Amino acid sequence: MTSPPSKALIDLAELSSSSKRSAAEELYFRALDLIASGESGEASRLLRECVAIDPHFADALHGLTRALQDAGELDEAIHVACRLIALEPDDVLAHTRLSILYQAKGMVPEAEAESTRAKLLGWKQQLREGASR
């Protein structure tokens, strides 16, 4: 016998796409304020909710990696950064953040590889911008 879905999931399922995005953005901005005030644990909680509502909200994933890093939850931060890179493979900041996280874990070769990826992506973006002018 399966248990009925929780009330929160039912409410989420009933929201329209735009309502879901609005709810995710509201949580995101509240979490940014918490990060700024040093409340990384609560920020992480809100950002997890945000990403549960909108799994493709890249800015929320960025925020979650930062909040987790600040909270010292490096393994989970690395997991989230990898998830972000899977979603946005050309995101220079995501590769830079992953490099920083690897460095904090003492994973120097991995950190250097991500740093190199970030630099190469940045250079490619600059070349594209220069070509479009």
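Here the structure is a predicted model, which means the values were calculated and not measured. (Residues numbered from 1 in each chain as written. Predicted model: local features only at pLDDT ≥ 70, side-chain atom pairs only at ≥ 80, totals over all residues. Heavy atoms only, no water.)

S.K.: Is there a simple way to think about the nonpolar core in this case?
M.R.: One recurring pattern in soluble globular proteins is that nonpolar side chains are buried together. Grouped together as the largest cluster of nonpolar side chains are 31 residues, with contacts concentrated most on Leu47, Cys50 and Ala60. If you list the elements that add at least two residues to this core, you get α2 (17-36), α3 (40-53), α4 (58-70), α5 (74-87) and α6 (92-104). Setting aside residues no more than four positions away along its own chain, Cys50 makes contact with Ala24, Leu27, Tyr28, Phe57 and Ala60. (Core = buried A, V, L, I, M, F, W, Y, C linked by side-chain atoms within 4.5 Å. Buried < 20%, exposed > 50% of the residue type's maximum accessible area, 1.4 Å probe, protein only. Helix = DSSP H or I, 4+ residues; strand = E, 2+ residues; numbered from the N terminus. Contact = heavy atoms within 4.5 Å.)

S.K.: Looking at this structure, I do not really get the pattern of salt bridges. What am I missing?
M.R.: Counted according to the given criterion, the structure contains nine salt bridges. Salt-bridge contacts for Arg45 lead to Glu49; the nearest nitrogen and oxygen are separated by 2.4 Å. Taken together, the positions of Arg45 and Glu49, both in helix α3 and four residues apart, correspond to about one turn of that helix. By relative accessible area, which is 37% here, Arg45 ends up partly exposed. The salt bridge involving Glu114 is made with Arg117; its shortest N-O contact spans 2.6 Å. Here Arg117 and Glu114 lie together in helix α7 (residues 108-131), a separation of three residues that amounts to about one turn. (Salt bridge = Lys/Arg side-chain N within 4 Å of Asp/Glu carboxyl O.)

S.K.: I'm lost on the packing of α3 against α4 in this one. Help?
M.R.: A packed helix pair is summarised by two numbers, namely the angle formed by the two axes and the spacing between the axes. At a closest axis distance of 9 Å, the pairing of α3 and α4 adopts a crossing angle of 150°. Judged by the inter-axis angle, α3 sits roughly antiparallel to α4. When the axes of α3 and α4 are compared, the crossing they make is left-handed. Of the residues in α4, those in contact with Ser40, Ala43, Ser44, Leu47, Arg48, Cys50 and Val51 of α3 are Ala60, Leu61, Gly63, Leu64, Ala67, Leu68 and Asp70. (Axes fitted to C-alpha atoms, helices over the stretch in contact; angles between N-to-C directions. Parallel < 35°, antiparallel > 145°, perpendicular 65-115°, else oblique. Left-handed = near helix turned anticlockwise from the far one by under 90°.)

S.K.: Would you mind going over the side chain of Ser44 with me for this structure?
M.R.: Locating Ser44 in the fold gives a position in helix α3. In this view, Ser44 contacts Leu64, Ala67 and Leu68; residues no more than four positions away in its chain are not counted.

S.K.: Would you explain the packing of aromatic side chains in this entry?
M.R.: Applying the stated criterion to the full structure yields two aromatic pairs. Seen in terms of ring centroids, Tyr28 and Phe29 are 5.1 Å apart; in terms of plane orientation they differ by 65°. Their pairing is edge-to-face. What makes Tyr28 buried here is its relative accessible area of 12%. Ring plane angle 45° and centroid distance 5.2 Å describe the contact between Tyr28 and Phe57, whose orientation is recorded as tilted. Taken together, the residues span a long stretch of sequence, with Tyr28 in helix α2 and Phe57 in the loop between α3 and α4 at a distance of 29 residues. Across this residue pair, the class does not change: Tyr28 and Phe57 are buried. Through a chain of ring-to-ring contacts, the aromatic side chains of Tyr28, Phe29 and Phe57 assemble into a single cluster. (Phe/Tyr/Trp six-rings, centres within 6.5 Å; stacked < 30°, edge-to-face > 60°.)

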